[in-house]
2 protein chains.
Amino acid sequence: MPTFTPFDFQMMSRAIKLAQRGQFTTAPNPNVGCVITQGETIVGEGYHFRAGQPHAEVHALRMAGERSQGATAYVTLEPCSHYGRTPPCAEGLINAGVAKVICAMQDPNPQVSGRGIQMLRDAGIEVQVGLLEQDAYALNPAFIKRMQTGMPFVQLKMAASLDGQTALANGRSQWITSAQARHDVQVYRAKAGAVLSTSQTVLADNASLTVRWAELPQGVQDTYAEQDLRQPVRVVLDRQQQLHQQLKLYAADGAVLRVAEQDAEVCVAVNKEGQLDLAQALSALAKQHNINHIWVEAGATVAKSLLQQQLVDELILYLAPKVMGSDGRGLFGALGLTDMQQVLDVKIQDCRMVGPDIRIVATPQLKDD
Amino acid sequence: MPTFTPFDFQMMSRAIKLAQRGQFTTAPNPNVGCVITQGETIVGEGYHFRAGQPHAEVHALRMAGERSQGATAYVTLEPCSHYGRTPPCAEGLINAGVAKVICAMQDPNPQVSGRGIQMLRDAGIEVQVGLLEQDAYALNPAFIKRMQTGMPFVQLKMAASLDGQTALANGRSQWITSAQARHDVQVYRAKAGAVLSTSQTVLADNASLTVRWAELPQGVQDTYAEQDLRQPVRVVLDRQQQLHQQLKLYAADGAVLRVAEQDAEVCVAVNKEGQLDLAQALSALAKQHNINHIWVEAGATVAKSLLQQQLVDELILYLAPKVMGSDGRGLFGALGLTDMQQVLDVKIQDCRMVGPDIRIVATPQLKDD
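Now for a quick tour of the structure.

Criteria and thresholds
Residues numbered from 1 in each chain as written. Chains lettered and ligands numbered in written order. Predicted model: local features only at pLDDT ≥ 70, side-chain atom pairs only at ≥ 80, totals over all residues. Heavy atoms only, no water. Helix = DSSP H or I, 4+ residues; strand = E, 2+ residues; numbered from the N terminus. Rg over C-alpha atoms; globule rule 2.2 N^0.38 Å. Buried < 20%, exposed > 50% of the residue type's maximum accessible area, 1.4 Å probe, protein only. Contact = heavy atoms within 4.5 Å. Areas by Shrake-Rupley, 256 points an atom, 1.4 Å probe, with all protein chains shown as cover. Lys, Arg positive; Asp, Glu negative; His and termini not counted. Charge placed at Lys NZ, Arg CZ, Asp CG, Glu CD. Buried area = accessible area lost by both parts, 1.4 Å probe. Salt bridge = Lys/Arg side-chain N within 4 Å of Asp/Glu carboxyl O. Polar contact = N/O pair within 3.5 Å; in protein donor to acceptor, adjacent residues only side chain to side chain. Nonpolar A, V, L, I, M, F, W, Y, C, P; charged D, E, K, R; others polar. 1 Å grid on protein atoms, 1.4 Å probe; cavity = no way out; pocket = protein on both sides within 12 Å on 5 of 7 lines; lining within 4 Å. Points joined across faces, edges and corners; volume = space filled by probe spheres on them. Pairing = 2+ DSSP bridges. Core = buried A, V, L, I, M, F, W, Y, C linked by side-chain atoms within 4.5 Å. Expected span 1.5 Å × (residues − 1). Least-squares fit on C-alpha atoms with pLDDT ≥ 70 in both.

### A short note on the overall build of chain A
Counting its secondary structure elements, chain A contains twelve helices and 17 strands. Relative to the globule expectation of 21 Å for 369 residues, the C-alpha radius of gyration of chain A, 23 Å, shows essentially globular dimensions. Across its three principal axes, chain A shows a C-alpha extent of roughly 70 × 45 × 45 Å. Sorting the 369 residues of chain A into buried and exposed places 53% on the buried side. In chain A, of all internal contacts separated by at least 6 residues, the share reaching a separation of at least 24 is 69%. Of the accessible surface of chain A, which amounts to about 16200 Å², a share of 46% is contributed by carbon and sulfur atoms. For chain A, the centre of its 32 positive side-chain charges and the centre of its 36 negative side-chain charges are spaced 4 Å apart.

Here's what the structure looks like:
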């Protein structure tokens, strides 16, 4: 195991904070930060801002200039070894004369993991791996999941009254949750690679499913300028081909991908219950459209299917301070359970107030069957 | 307005902390603490521990002895002026030669409020009122409510899955919440003057509804010795007279009050829906049985009635990390609402983890109709 100094921890922590600045913009690329030091002096630093633009290491090397000779580079992710839209960062570090590279984690893509490190070592550069590795993982859970499994990271958003109702029996529901909760939803949308919904939801509200910069909380606006706004891809389950060009959905900036059995951007099978194959759709979005992270805002039917098929990574549940009675519309519809052993277990990861509402973040627990 | 010194604040704060030590034992009496000082030296202090035993001032005066001459007494509640099981504390302070009395708040009973203060002033003692008044109110919300309104403070406990289900459609529910949540319930029971349930609930589980000292969390056990255990009165809605002496309910220590239309300890009317008049029952418990604080553990029907009749002061809702589906049994049953304006609004006062579960404390908001 490599040993790291307190200064090493400090620099990698700084690189991680830099990486976070790209959290709204880098998709489908990962968030990466880089700090370059000479002795205990920072001579360069940078982070990846947007796909197609330079990687973190390039920004940091440009800033360091001549002073990268013999320097140490702290990078939150293994430098890339391949020629993409930019030349490989490992090559950049070698050419700049860096003497030592410390990476927080290896590339999560099993097909290239370790190659960048090997390229550096082959050039005589000392490489250490694993400093603040957990924090580096936390920067890119969705990117890492897609690289390792070929499936996107799925967050399922739901909103209900304290007693679990999403609407009254007659369908009325505006507004269950507060403006603050709806603004919180905007932050989640802004971080996602795609927002997934259904044509039913889109048609009911003529929803655009976009990020509205003006509705982001002040703290987010302060670090995420309006001109940098990146719209997530909007994915709409449209089995009955109901979407049409007059909808607000199409008036707004950004791509729209329809999911249907045929004649759609994403074509998937329909199961015997007449539902689009959600696992196939998610897989296609990851593999064909490079989407790491999907934020789902749909109704009880899709929510139930995603949960039952164990396709949900995180449930984000907003509970409003209201009691609506059990004769309304429930969160996940009927599950037909007859034994407490069958209930879906989740783990509460976070629970806090968002304005007058409660926001619960929970991760479904896999069944051992 | 009187002005208080930092030392005054410090002493009253100490008196409030002392008062809290009686929180499990003083019912139906209030929690009261007292500190007596000479200059900036504490010469006596005490708190009320159990109804029928000496009041806080008596303990503090005994400890101070001769040094109460010319002393200042800090009391969290106006000293009493009446002869009850103990002589009036105002008289005790006068006889001990105390020079100044600072009270956090007046007696909440409008019929005696101010009398103790007047008795002290008539004896030439300087009296100031209002130091840390909010904290003093928070010591005894239930006692204060009963004194001011003649009704008890009602906490309604409910437990459900994240999606608001208390049981599966077939009634199965053990265990929705964790052992930690059940131990948390024991703390609430231990603080209450009465635990209210229904014969249906009692019969289903052969429930004793007692406080089980061994199940109190360590932190509570540390300040509340097993030999001091006070059992809340157990109140059971028993319209159909189903309780019988073979139940565990009757095997355990402590009083049991049945509520029924006749032949019961608490007799109330039955409304046209065939339900016991809950408002009448609560009023009788407050007025005839001196119960300040009622902890309700019942089913959806009672919960719904209490909420609809605006008889609930606090809703304590435990949500377990489970999804059960909307075809189970809902928290409050059908409310028949057709417009979002009709939903019952609550305000979230607290939301935190209790073991793996979430505990929400919410106060119903009065409707303006």
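### With respect to the interface of chain A and chain B
Interface size is commonly expressed as the accessible area that is lost once the parts come together. Taken together, the contact between chain A and chain B spans 43 residues of the former and 43 residues of the latter. Both faces considered, chain A and chain B share a buried interface measuring about 3500 Å² in area, 68% of it formed by carbon and sulfur atoms. When the buried area of chain A at its contact with chain B is split by residue, A:Leu162, A:Val323 and A:Met340 rank highest and sum to 20% of it. Taken together, the links from chain A to chain B amount to four salt bridges. The residue B:Lys322 makes a salt bridge to A:Asp345 at a minimum N-O spacing of 3.5 Å. At the junction of chain A and chain B, the tally comes to 20 residue pairs in polar contact (both at pLDDT 80 or more). No other element matches the six residues that strand 16 (residues 344–354) of chain A contributes to the side of chain A that touches chain B. Along the lines of polarity and charge, the residues of the side of chain A that touches chain B split into 27 nonpolar, ten polar and six charged.

### Structural notes on empty space enclosed by the protein
All names here are of chain B. For the coordinates displayed, the defined rule picks out four cavities of 30 Å³ or more. Looking at the largest cavity, its volume works out to about 80 Å³. Surrounding the largest cavity, Leu307, Gln310, Leu344, Asp345, Pro364, Gln365 and Lys367 form its lining. Class assignment of the residues belonging to the lining of the largest cavity gives a composition of three nonpolar, two polar and two charged.

### Observations concerning the pairing of strand 1 (residues 33–38) of chain A
Residues and elements named next belong to chain A. Counting buried positions over the six residues of strand 1 gives five, a clear majority of the element. The sheet contact formed by strand 1 and strand 2 (residues 41–47) spans six bridges and is antiparallel. Bridging from a neighbouring strand, Cys34 pairs with Gly46 of strand 2. Between strand 1 and the antiparallel strand that follows it, strand 2, lie two residues; Gly39 among them carries a positive phi value of about 60°. Relative to strand 3 (residues 72–75), strand 1 runs antiparallel, the two being bridged by four bridges.

### A word on the nonpolar core
Counting 100 residues, the largest nonpolar core has A:Leu156, A:Leu162, A:Ile360, B:Leu156, B:Leu162 and B:Ile360 as its most contacted members. If we ignore the near neighbours within four places in the chain, the residues touching A:Leu162 are A:Leu319, A:Ala320, A:Lys322, A:Ile358, B:Leu315, B:Leu317, B:Leu331, B:Val346, B:Ile348, B:Ile360 and B:Ala362. In this structure, B:Ala90, B:Val98, B:Ile117 and B:Leu139 belong to the second largest nonpolar core, which totals 41 residues.

### As for helix 7 (residues 179–191) of chain A
End to end, helix 7 of chain A covers 19 Å across 13 residues, agreeing with the expected 18 Å (1.5 Å per residue, within 8%). Turning to helix 7 of chain A, its buried residues number three or more, namely A:Ala181, A:Asp184, A:Val185, A:Gln186, A:Val187, A:Tyr188, A:Arg189 and A:Ala190.

### Brief notes about the relation of the copies chain A and chain B
Applying a rotation about an axis and a shift along it to one chain copy brings it onto the other copy. In the superposition of chain A on chain B (RMSD 0.0 Å, axial shift 0.0 Å), the rotation amounts to 180°. This pairing of chains is accounted for by a two-fold axis. When C-alpha positions in chain A are compared against the rotation axis, the closest is assigned to A:Gly164, at 2.3 Å. Looking at chain A, 100% of its interface residues are interface residues in chain B too, so the copies touch through the same face.

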